[in-house]
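Structure assessment
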Amino acid sequence: MTLRQVSESAGAWLLAAMGNSDGTEHPRGPRLWATGHVFDAVVVADRLGIEAVDWYRRLGSQAPPSAIDHRARKVAFLIAPVGESFFAGALTVLRGDVPYRYLSTGGYLLVPGPGVETGDRYQWLSKPTEESTLDRDAVALLAGHLLIASRNLSAAAEGTDDE
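To keep things clear, this report deals only with the structure shown in the data block.

Counted as a void, the largest pocket has a volume near 220 Å³. Sorting the residues of the lining of the largest pocket by element identifies strand E3 (66-69), strand E4 (74-79), strand E5 (101-103) and strand E6 (108-111) as the ones contributing at least two each. Roughly 170 Å³ of volume is contained in the second largest pocket. Taken together, Tyr-56, Ser-61, Gln-62, Ala-63, Pro-64, Pro-65, Glu-131, Ser-132, Thr-133, Asp-135, Ala-138 and Leu-141 make up the full set of residues lining the second largest pocket. Residues that form the lining of the second largest pocket fall into these classes: six nonpolar, four polar and two charged.

This is how it looks when you write it as structure tokens:
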């Protein structure tokens, strides 16, 4: 399967996987998904992830599917399976760096179940939709949003406002 085919079917696959249950799992319980085939994941600190999703919303665009683990205080962004070198290269081109963990082949990610409710440990910040785009452009855009978010959080910590 080519990256283009994966990208075209990613939104539908993610939606199907969200609701895929044989009845033995609790609908609110998280699901364990393997990374590296249909999607990779970039995991960042919760404040950084929330700020990045907020930047997408401020600019009127859809953030990539992203889930928060409230207890671990981490946000995972589901992205195209392009490999860590591509993501790191995008950060380099943009002349920035953010602390992240990259999950690809051999990795696993816990995502919210289909019946998630307020107060659950795992929640979607941006749910997968049929229109969820997992391609190289979206990965580069995520790198940019993470850098903007990181700089905004740094400026806020220093008491300035660079928005």
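Additional details are given in the paragraphs that follow.
One way to put it is that helix H2 (residues 46-58) packs onto helix H4 (residues 136-157) with a least axis distance of 8 Å and a crossing angle of 110°. On the basis of the axis angle, H2 is roughly perpendicular to H4. The handedness of the crossing between H2 and H4 is right-handed. Where H2 approaches H4, its residues Arg-47, Leu-48, Glu-51, Ala-52, Trp-55, Tyr-56 and Arg-58 are matched on the opposing element by Ala-138, Leu-141, Leu-142, His-145, Leu-146, Ile-148, Ala-149, Ser-150, Asn-152 and Leu-153. Its residues placed into classes, the contact of H2 with H4 shows eleven nonpolar, three polar and three charged.

Let us now look at the sheet that holds E3. With antiparallel pairing, the five strands of this open sheet are ordered in space as E5-E2-E4-E3-E7. Because the sheet does not close on itself, it has two edges, and the strands there are E5 and strand E7 (122-126). Within this sheet the neighbouring strands show an average axis-to-axis angle of 25°, counted without direction. Across four bridges, E3 lies against E4 in antiparallel orientation. Residue pairing for E4: Ile-68 is matched across the bridge by Val-75.

Once that is clear, we can look at a nonpolar patch on the surface. Taken together, the side chains of Leu-32, Tyr-108 and Leu-110 present a nonpolar region at the surface, about 330 Å² in accessible area. Along the chain, Leu-32 turns up in strand E1 (residues 31-34). Judged by its relative accessible area of 57%, Leu-32 is exposed.

This part takes up the nonpolar core. In this structure, Val-42, Phe-77, Phe-87, Leu-109, Leu-142 and Leu-146 are the most contacted members of the largest nonpolar core, which totals 39 residues. When contributions to this core are tallied by element, the ones reaching two or more residues are strand E2 (40-45), H2, E3, E4, helix H3 (84-93), E5, E6 and H4. Apart from residues lying up to four places away in sequence, Leu-146 is in contact with Val-42, Val-44, Leu-48, Ala-52, Phe-77, Phe-87 and Val-98.

Each value, and the rule that gives it
- Residues numbered from 1 in each chain as written.
- Predicted model: local features only at pLDDT ≥ 70, side-chain atom pairs only at ≥ 80, totals over all residues.
- Heavy atoms only, no water.
- 1 Å grid on protein atoms, 1.4 Å probe; cavity = no way out; pocket = protein on both sides within 12 Å on 5 of 7 lines; lining within 4 Å.
- Points joined across faces, edges and corners; volume = space filled by probe spheres on them.
- Helix = DSSP H or I, 4+ residues; strand = E, 2+ residues; numbered from the N terminus.
- Nonpolar A, V, L, I, M, F, W, Y, C, P; charged D, E, K, R; others polar.
- Axes fitted to C-alpha atoms, helices over the stretch in contact; angles between N-to-C directions.
- Parallel < 35°, antiparallel > 145°, perpendicular 65-115°, else oblique.
- Left-handed = near helix turned anticlockwise from the far one by under 90°.
- Contact = heavy atoms within 4.5 Å.
- Pairing = 2+ DSSP bridges.
- Patch = residues over 30% accessible without salt bridge, like charges linked within 9 Å, V, L, I, M, F, W, Y side chains within 5 Å.
- Areas by Shrake-Rupley, 256 points an atom, 1.4 Å probe, with all protein chains shown as cover.
- Salt bridge = Lys/Arg side-chain N within 4 Å of Asp/Glu carboxyl O.
- Buried < 20%, exposed > 50% of the residue type's maximum accessible area, 1.4 Å probe, protein only.
- Core = buried A, V, L, I, M, F, W, Y, C linked by side-chain atoms within 4.5 Å.

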